[in-house]
Amino acid sequence: RTRKNIISYLKNLRTDIIHNFEEFENTHKFERESWDYKKGYGGGEMSVLRGDVFEKAAVNWSGVGGDSFPGSDEKNPFFATGVSLITHMKNPMAPTAHFNIRYIEKGDKWWLGGGFDLTPMGFPFDEDTEHFHSVAKKSLSGFEEGLYEKMSQAAKEYFFIKHYNKERGGGGIFFDHYNSGNEQLD
């Protein structure tokens, strides 16, 4: 694990996602806009696609750092990088999907965070939810035992809407401060 390798991995992941989304659209491409982080160093790139399949899709990358972790007065260098996406489909029967993965260093500690979830737009289909969760479970099966169940439960809690007394959408996975100690698996 090196910062350079993680940045490269995340930028490549973002490029692959953008490429695959553009394949759905054929004639529509992402519009990209770079930004700078004013409170430290680094920045990122926002990318938005409006097309025939995606009403709007955003796939963003950032890599920022500074002398003090955001929200803290304590001088403790930090670095954070990640990829995030959200999709809104033109077809009102298709669900919205959210995804993000982040890597954070604070002093000499590091961890991963992120998740993804599925939100039907008023038209939930059990087969969509079942497929979504089967892919999530399969993607986590090569790691520690029970990881899908743990992260799925964390999503149930994180995406719980108290005033409706229910989970938002079709669920997903969520994790924060994840560090198994195995730098090859994380």
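See the structure shown above.
Everything numeric in this text was worked out from a predicted model, so none of it was measured. (Residues numbered from 1 in each chain as written. Predicted model: local features only at pLDDT ≥ 70, side-chain atom pairs only at ≥ 80, totals over all residues. Heavy atoms only, no water.)

### Overview of the overall build of the chain
Line of reasoning, step 1. Each helix and strand in the chain was counted, giving three helices and nine strands.
Line of reasoning, step 2. Each helix (α) and strand (β) of the chain, taken in turn from the N terminus, gives the series α-β-β-β-β-β-β-α-α-β-β-β.
Line of reasoning, step 3. In the chain, the share of contacts with a sequence separation of at least 24, taken over all contacts with a separation of at least 6, comes to 49%.
Line of reasoning, step 4. Summing over all exposed atoms, the chain offers an accessible surface of approximately 11600 Å²; the carbon and sulfur share of this is 53%.
Line of reasoning, step 5. Across the chain, 23 positive and 28 negative side-chain charges occur, with their mean positions spaced 5 Å apart. (Helix = DSSP H or I, 4+ residues; strand = E, 2+ residues; numbered from the N terminus. Contact = heavy atoms within 4.5 Å. Areas by Shrake-Rupley, 256 points an atom, 1.4 Å probe, with all protein chains shown as cover. Lys, Arg positive; Asp, Glu negative; His and termini not counted. Charge placed at Lys NZ, Arg CZ, Asp CG, Glu CD.)

### Remarks on the nonpolar core
Line of reasoning, step 1. With 29 residues, the main nonpolar core has Phe21, Phe30, Val59, Met151 and Ile173 as its most contacted residues.
Line of reasoning, step 2. Among the secondary structure elements, those contributing two or more residues to this core are helix H1 (3-25), strand E3 (54-66), strand E4 (78-89), strand E5 (96-106), strand E6 (109-119), helix H2 (126-140), helix H3 (147-158) and strand E9 (171-178).
Line of reasoning, step 3. The element contributing the most residues to this core is H1, with five residues.
Line of reasoning, step 4. Setting aside anything within four residues of it in sequence, one finds Met151 in contact with Leu140, Gly172, Ile173, Phe174, Phe175 and Tyr178. (Core = buried A, V, L, I, M, F, W, Y, C linked by side-chain atoms within 4.5 Å. Buried < 20%, exposed > 50% of the residue type's maximum accessible area, 1.4 Å probe, protein only.)

### With respect to the side chain of Glu45
Line of reasoning, step 1. For Glu45, the position within the fold is in strand E2 (residues 41-49).
Line of reasoning, step 2. By relative accessible area, which is 18% here, Glu45 ends up buried.
Line of reasoning, step 3. Among the polar contacts made by the side chain of Glu45, one reaches the side chain of Arg32 at a distance of 3.2 Å.
Line of reasoning, step 4. Beyond its immediate stretch of four places on either side in the chain, Glu45 contacts Arg14, Arg32, Glu33, Ser34, Trp35, Val59, Asn60 and Trp61. (Polar contact = N/O pair within 3.5 Å; in protein donor to acceptor, adjacent residues only side chain to side chain.)

### Considerations on H3
Line of reasoning, step 1. Taking 1.5 Å per residue as the helical rise, H3 with its twelve residues ought to reach 16 Å, and the 16 Å between its terminal C-alpha atoms agrees with that figure.
Line of reasoning, step 2. By the burial criterion, the buried members of H3 are Leu147, Tyr148, Met151, Ser152 and Ala155. Projected down its long axis, H3 carries its buried residues within an arc of 125°, all on one side. For H3, the exposed residues set more than 90 degrees away from the buried face come down to Lys150 and Glu157.
Line of reasoning, step 3. For H3, the secondary structure elements touched by its buried residues are H2, strand E8 (166-167) and E9. (Expected span 1.5 Å × (residues − 1). Arc of directions from axis to C-beta.)

### Re the pairing of strand E1 (residues 31-36)
Line of reasoning, step 1. Counting buried residues along E1, only zero of its six residues qualify, which leaves the element largely exposed.
Line of reasoning, step 2. Sheet analysis places E1 next to E2, joined by six bridges and oriented antiparallel. Looking across to E2, one finds that Asp36 is bridged to Gly43.
Line of reasoning, step 3. Hairpin connection, E1 to E2: the antiparallel pair is bridged by four residues. (Pairing = 2+ DSSP bridges.)

By themselves, these are just geometric observations and shouldn't be taken as functional.
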